[in-house]
Each structure stands twice: as C-alpha cells, then as structure tokens.
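# Coordinates in review
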Amino acid sequence: MARSTTATIHPDALRHNLGVIRKLAPASKVMAIVKADGYGHGLERVANALAGADAFGVAALADAERLRATGLSQPILLLSGFDAPDDVPRMRALNVWSVVHHASQLEMLEQSEGTEPLRCWLKVDTGMHRLGFAPEEVRDVYARLKALTSVDDEIGLLQHFASSDEYLDSASRGAQTLSQLSVFDSVTQGLAGERSMANSAAVLGWPQSHGDWVRPGGALYGISVCEGKTGADYGLRPAMTLTTRLISVKSIPAGGRVGYAGTWTAPEDMRIGVAAVGYGDGYPRMAASGTQVRVAGKVVPTVGRVSMDLMTIDLRTCPEASTGDEVTLWGEGLPVEHVGESAGTIGYEPVCSITRRVRFVED
Ligand SMILES: *Cc1c(COP(=O)(O)O)cnc(C)c1O
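To start, this report covers the structure provided alongside it.

## Focus on unusual backbone geometry
Phi at Ala-36 takes a positive value of approximately 50°, unusual for a residue other than glycine. Examined against the element boundaries, Ala-36 turns out to sit in helix H2 (residues 35-39). With a phi close to 60°, His-129 is a non-glycine residue in the positive phi region. Mapped onto the secondary structure, His-129 falls in the loop between strand S6 (120-123) and helix H7 (138-147). The exposed category is assigned to His-129, whose relative accessible area is 64%.

Shown next as structure tokens:
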C-alpha cells in the first residue's frame, strides 16, 4: 500500500497568525514557542516561517542546536532551563537564555562562576505548582542571581498560567488567572527586569498579562484551547492540513458491524469508505464515531474504531465519493480542535502526535 497520508504545512498561515498576535499585543515582543518539533509542524520549517519573531522558546537544548544550525540569530529561551552543569557552557556558546526555576540550577550557576554571563529568566510559581520558585523565595533568588558574575545583569521574570483559557465571562470568572496575576505583580514589585506571563490563551483574552514578552505556542499554529472555540473564532488560520486518500469504497448490509469490536452498526444498506490513516500516523484512536472528515468537498462522519493504518467513513451523504479521493482529516474549515475534543483531548495533541511515516510538504 502506497500510503498517501500527508501533513501540509502552511508558512503563510504561521506568518498570518504571528501578525494576529502582534496586533493583539502591540506593545510586547513575541517569543514563538516551538517545543515538540514546533507542535509537530517541523521545527526548522516553523522557525523559517516565523523568522519575524523576536525570540524562540524550546523545551530541549537539542532543539536550540537545531535552530542555530539553520542560522537563526534571535535569542532562544530554554523553557525548563538546564538540568546538568555541562549544559551551561553549551547554552552560552549557543546564545541560549535559561529559565531558572529550581535551587539545583542556582547551585550549578554558582559553580560556573568566572565564565561569560548567561541570560536568565527567574520563574515564579504563582499558583500553577509546576515549575518555579515559591513567591516567598523569589526576592532571595533574585538577589543570588544578581550577585553572580556568571549570570547576566538583566534578569527576566516569568510565570505560567494554569487556566488562562477561562476568561472573565466564564463560570470561574477567571479566578485562578486573576490570582496568578496578582501574585506575580506583588512578588516582582520593584524588581528590575522584563516580564513575561502570557501563553496563547492569555494573549487572546488577558490583555493585562501581555507584559514585555508574550509566549504564544498554539495560537501561532492556529489552534485554540478555549472551550467551544477554534482558532478561526480569533481570526487564526490552521498551519497544518492532514490529508489522505480513500483506498476502498464498498457497500455493506444493514446490521453490519464496522471495525474492531464492531462498535458501530450500519442502520441500513450503505456505502462506507476506508481511508489510509490511523493511529499509526498520529490520528487519535480515541476519536469517536461521528468525528468529521471531508471527502469530495463534503463533511462526513467517521464510523467505528480508528485502527492503526485505517479508518472508516460513512459515505451515505457523499454518493460521488470513490476510491482514490482525497480525505481531509483536519485543516481549514475542519478544526483539529474538534478532532481533539472528539478524542477527549485538546487540538495540540493530534498535531504533536503525527508520526514519521507521514509525508510532510509545504505550500
Ligand atoms: C508551552 C508553553 C507556552 C505556550 O503555550 P500555548 O498554550 O501553546 O500558547 C508558553 N510558556 C511556557 C512556559 C510553555 O511551556
């Protein structure tokens, strides 16, 4: 079987989305978050399209190395910082900035005194309770960083939101975000340095959090994490289209059960299509019967379980469909957020899950 599963990446959409973000946060610099291989879109490809960003954020030092190998000159922030003393000189050599979120990192910096200064961002745990120093530790850590000659004098201050997709008009009235904003504000009061608070959801809905640097990830790829909303609702365009082809179109009798475990039963004699895509390509196995795909210009539902290489599609409303037709799994007009939701997750996960056997092209 010649597989035709293809992820088409749209550099124009990435640039468009960066423009939307710049309009929303006109006074802030933009750090484009490109972790997880640019949210599955391809690190180098994404960085190239987003050459207009002011900086890039990665989760792994190896990704910073890949970015520098492309000739990218903007600063790169390692979002979880270094976790081994050897990383520090590598980071200096690559002009990579580090988040400092833990005492173990302070010790490593103290041991690397006498070398070129490293630009650091002090991370405050304002209430997400993942990475960061507790509010009461922040001033002491800041002073320790300031005292180190191995640390650049300009220390940034950042925090990360846990629920910034809940806005003031939500049931929670944004309580956690308001609390995190207020903790960050009071803890960093009077400390010199640039501020960075906002992820995509905060860029879209919390203008008071924009600060000196915004750190959008998902929004750049056109994906929203706000419940019931898709990127298109914010004027964003999907940066990835996932397509494949129908490799079989056939009639099945009423009562026929489709796929593994026979979870879907044909209510009448009908045609189904079999598309060459499955969880082995990264399409979520948990996507329920009824998840929408597009065949021959029509939006139609999937039926039965998604298997490793194949999925089955209800073609009752698409009599013109035939073998070889293109099938779109997500893209413009077919939000990956809906695929994620149907699989009990968010739109970020399907795009990050695309596997190596999928062909990548750019348009
Ligand atoms: C992933 C990440 C972001 C971007 O989050 P999005 O929801 O994709 O915008 C920003 N900051 C940090 C620290 C992150 O880990």
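## Digging into the layout of surface pockets
Roughly 560 Å³ of volume is contained in the largest pocket. Lys-35, Tyr-39, Arg-130, His-160 and Asn-199 are the residues nearest the centre of the largest pocket, which is lined by 30 residues in total. When residues of the lining of the largest pocket are traced back to their parent elements, those giving at least two are H2, helix H9 (200-205) and helix H11 (348-352). Split by residue class, the lining of the largest pocket holds 17 nonpolar, eight polar and five charged.

## What to know about the nonpolar core
A general feature of soluble globular proteins is that nonpolar side chains tend to end up buried together. Ranked by internal contacts, the top residues of the largest apolar core, which has 105 residues, are Leu-109, Leu-122, Val-295, Ile-313 and Trp-330. With five residues, helix H1 (residues 11-24) is the largest single contributor of residues to this core. Beyond its immediate sequence surroundings of up to four residues, Leu-109 is in contact with Phe-82, Val-88, Val-100, Leu-118, Cys-120, Leu-145, Leu-148, Ser-150 and Val-151. Counting seven residues, the second-largest nonpolar core is a separate cluster that includes Val-258, Trp-264, Met-270 and Val-303.

## Comments concerning the packing of aromatic side chains
Following the criterion strictly, the structure yields six aromatic pairs and no others. A centroid spacing of 5.3 Å and a plane angle of 70° characterise the contact between Tyr-39 and Tyr-348, whose relative ring orientation is edge-to-face. Of this pair, Tyr-39 sits in helix H2 while Tyr-348 sits in helix H11, and the two are 309 residues apart along the sequence. Here Tyr-39 and Tyr-348 have matching classes, each one buried. Seen from their ring centres, Tyr-283 and Trp-330 are 6.1 Å apart, and the 20° between their planes marks the pair as stacked. In this pair, Tyr-283 is assigned in the loop between strand S13 (270-275) and strand S14 (292-295) and Trp-330 in strand S17 (residues 326-330), connecting sequence segments 47 residues apart. When sorted by exposure, Tyr-283 lands in the same class as Trp-330, which is buried. An aromatic cluster of three or more residues is present, and its members are Tyr-39, Tyr-221 and Tyr-348.

## Concerning the site of the ligand
With respect to spatial proximity, the complete set of residues near the ligand consists of Ile-33, Lys-35, Tyr-39, Lys-123, His-160, Asn-199, Ser-200, Arg-215, Pro-216, Gly-217, Gly-218 and Tyr-348. A distance of 2.9 Å separates a nitrogen atom of the ligand from a polar side-chain atom of Arg-215. In isolation the ligand offers 390 Å² of accessible surface; the protein chains occlude 90% of this area. Judged by the fraction of its atoms near the pocket grid, the ligand is located in the largest pocket. For the shell around the ligand, a count of residues per class yields four nonpolar, five polar and three charged.

Definitions and cut-offs
- Residue positions within a chain follow its written sequence, with the count starting from 1.
- Selection of residues for local features in this predicted model requires a pLDDT of at least 70, selection of side-chain atom pairs for listing and counting requires 80 or more, and totals for whole chains, interfaces and linings are taken over all residues.
- Side-chain descriptors were evaluated using all non-hydrogen atoms of the structure, hydrogens and water having been removed beforehand.
- Secondary structure is summarised from DSSP: a helix means a run of H or I of at least four residues, a strand means a run of E of at least two, and numbering begins at the N terminus for each.
- Think of it in three bands: with a 1.4 Å probe and only protein chains considered, a residue is buried below 20% of the maximum accessible area for its type, exposed above 50%, and partly exposed in between.
- Any residue with an atom within 4 Å of a point lines the site, the site being either a cavity, points on a 1 Å grid over the protein atoms alone where a 1.4 Å probe fits but cannot get out, or a pocket, an open set with protein on both sides within 12 Å along at least 5 of 7 lines.
- Grid points are joined across faces, edges and corners, and a volume is the space filled by probe spheres set on the points.
- Three residue categories are used. Nonpolar comprises Ala, Val, Leu, Ile, Met, Phe, Trp, Tyr, Cys and Pro, charged comprises Asp, Glu, Lys and Arg, and polar comprises the others, including Gly.
- As used here, the term nonpolar core means buried Ala, Val, Leu, Ile, Met, Phe, Trp, Tyr and Cys residues forming a set that is joined through side-chain atoms within 4.5 Å.
- Contacts are assigned to residue pairs that have any heavy atoms within 4.5 Å of one another.
- Only Phe, Tyr and Trp rings are paired, with Trp represented by its six-membered ring, and only when their centres lie within 6.5 Å; those with planes under 30 degrees apart are stacked, over 60 edge-to-face, the remainder tilted.
- Near residues are defined by distance, with any heavy atom within 4 Å of the molecule or strand qualifying the residue.
- Any N or O atom pair separated by 3.5 Å or less is treated as a polar contact, with the protein-specific requirement of one donor-capable and one acceptor-capable atom, and with residues adjacent in sequence counted only for side-chain atom pairs.
- Accessibility throughout is a Shrake-Rupley quantity obtained with a 1.4 Å probe, and a residue counts as covered only by protein chains that appear here.
- A molecule is counted as occupying a cavity or pocket when more than half of its atoms fall within 2 Å of that pocket's grid points.

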